[in-house]
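Fold and geometry: a report
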Amino acid sequence: NGILKISGIKAQIGYNSYNYLGLGFNPSNPSTSQSQWGIEHWDGGLNFFKPFPSYNQPGTDPNFKFFIHDMGFIGINGKPNPGRVRSCGFLGLSTCNNFRLQIFGNAIANDWYTFSDSAIKENVINIQTVLPNLLKMKPIEYNYKPVKLSDKTSSEVTIKEELDSTDKPTTDPKRRYGFTAQEVSRIFPNLAEEFNDSIGVVNYMGFIPLLVRGLQEQQVIIEQLKQEVQELKGKTVYTDVDKTKLFQNNPNPFRGTTTFTYYIDESTNVSGAVIEIRNIMGTLQNSITLGDKSGLGKIEFNAENLAEGYYVYALKVNGNLKDSKMLLIGE
């Protein structure tokens, strides 16, 4: 039945009925011909697997330990999915796919390098403002859902699995941190794709230059605020209650509403006084006109329409900045 065919220097295993090359003696069931390992050409590639009953190991996929697809995709502990193969001219490749190596489990290495030479890059531009989008991201903590054999599609269930079709949940005991691919796709679409046209995946390495750019933007803001503080120190003695100043809002941090307390004491006639609220990028979010233009005053501020995060609120009298402080909306 085609178990072994030798012609010249060629040898063939299988295939009129299902046959594979077995390696190793199975001490758990010596009365059968089953082996510890099997090699086969199966489902479009060269497959190394654990034959039944040797494969009864919870938490693993026995049918695909190491799989080399006919199209050049490699899977470890699972069958690789060719996905969307397309023309890819860069790096001298005629075709490419984002997932040539697919590892179903953890991986470790001493180092991992990525092609990044300037000679292979074009249309290079400097990353502009990213901090507002980074602040929209919602980091999460999670476990992966259990996977059962019955969750697989019919094409993934081979005749070897039919010998032991009991559902075996594989729980994930490890708490993990990250983002959802759906959220990343909405905010940074270049950092999210789909695996097997159904499962979202995220390029976490791609966040590194964005985070560096965000830190640079924050440092510019910090330097600007430090300069403003130095200028304000030259204008106002904050320890004196008889000078125009702002007090820290209460409560802070807060959700919903907070109270601004201020003191206005100006030698000139006060024609107008306002408290301005700006985000950390300096964009004006709200402006509150103060009715009582002198003395000690309080006013309530409703922040329900503002996103969580840090803001700067400033007291201006006759259009001149007098004092500023920072508030936090959130926990």
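Small disclaimer: the values here were computed from a predicted structure and weren't measured. (Residues numbered from 1 in each chain as written. Predicted model: local features only at pLDDT ≥ 70, side-chain atom pairs only at ≥ 80, totals over all residues. Heavy atoms only, no water.)

1. Considerations on the overall build of the protein
Along the protein, the regular secondary structure elements total three helices and 21 strands. Counting all 331 residues of the protein, 29% fall into the buried class. The contacts of the protein with a sequence gap of at least 6 include a subset with a gap of at least 24, amounting to 50%. Put simply, the protein shows about 21900 Å² of open surface, and 54% of that area lies on carbon and sulfur atoms. (Helix = DSSP H or I, 4+ residues; strand = E, 2+ residues; numbered from the N terminus. Buried < 20%, exposed > 50% of the residue type's maximum accessible area, 1.4 Å probe, protein only. Contact = heavy atoms within 4.5 Å. Areas by Shrake-Rupley, 256 points an atom, 1.4 Å probe, with all protein chains shown as cover.)

2. A word on the sheet that holds strand β15 (residues 245–246)
Read across the sheet, three strands follow the order β15-β16-β19 without closing on themselves; strand pairing throughout is antiparallel. In the strand order of this sheet, the two ends are held by β15 and β19 (295–302), each with one partner. The pairing of strand β16 (residues 257–264) with β19 spans eight bridges and is antiparallel. Across the sheet, T258 pairs through a bridge with F301, a residue of β19. (Pairing = 2+ DSSP bridges.)

3. A word on the nonpolar core
Core analysis: the largest hydrophobic core is formed by 20 residues, its most contacted members being F260, I264, I275, I277, L290 and L315. Elements supplying a minimum of two residues to this core: β16, β17 (273–279), β20 (309–317) and β21 (320–329). Among the elements that line this core, the one with the most residues is β20, at four residues. Grouped together as the second largest cluster of nonpolar side chains are ten residues, V130, I187, F188 and L210 included. (Core = buried A, V, L, I, M, F, W, Y, C linked by side-chain atoms within 4.5 Å.)

4. What to know about the packing of aromatic side chains
Scanning all chains against the criterion turns up eight aromatic pairs. Geometrically, the ring pair formed by Y142 and Y144 is edge-to-face, given 5.6 Å between the ring centres and 75° between the ring planes. Their ring planes at 35° and their centres at 5.3 Å tell us that F179 and F207 sit as a pair that is tilted. Pair noted here: F179 is in the loop between β12 (176–178) and α2 (181–187) and F207 is in helix α3 (residues 207–235), with a separation of 28 residues, a long-range link. On the basis of relative accessible area, F207 is assigned to the buried category, the value being 5%. Directly above the ring of F67 sits K79, whose terminal nitrogen or CZ lies 5.6 Å from the centroid. One residue, R100, lies across the ring of F73, its end atom 4.2 Å from the ring centre. (Phe/Tyr/Trp six-rings, centres within 6.5 Å; stacked < 30°, edge-to-face > 60°. Lys NZ or Arg CZ within 6 Å of the ring centre and 35° of its normal.)

5. Here's the deal with the environment of V317
With respect to the helices and strands, the residue V317 is situated in strand β20. A relative accessible area of 1% means that V317 is categorised as buried. Remark: the alpha-carbon pair of V317 and G272, spanning 45 residues in sequence, is separated by 5.9 Å.

6. Section: the confidence of the model for the protein
Confidence in the prediction of the protein, expressed as mean pLDDT, is 77, and 69% of residues score 70 or more. Contacts from residues 88–94, a stretch scored under 50 in pLDDT, to residues over four places away or in other chains number eight contacts. Across residues 148–169, where pLDDT falls below 50, the model places 38 contacts with residues more than four positions away in sequence or in other chains. (pLDDT = per-residue confidence, 0-100.)

7. Quick look at the environment of G256
Inspection of the secondary structure assignment puts G256 in the loop between β15 and β16. In this structure, G256 is in contact with F301, N302, A303 and E304, ignoring residues within four places of it in sequence.

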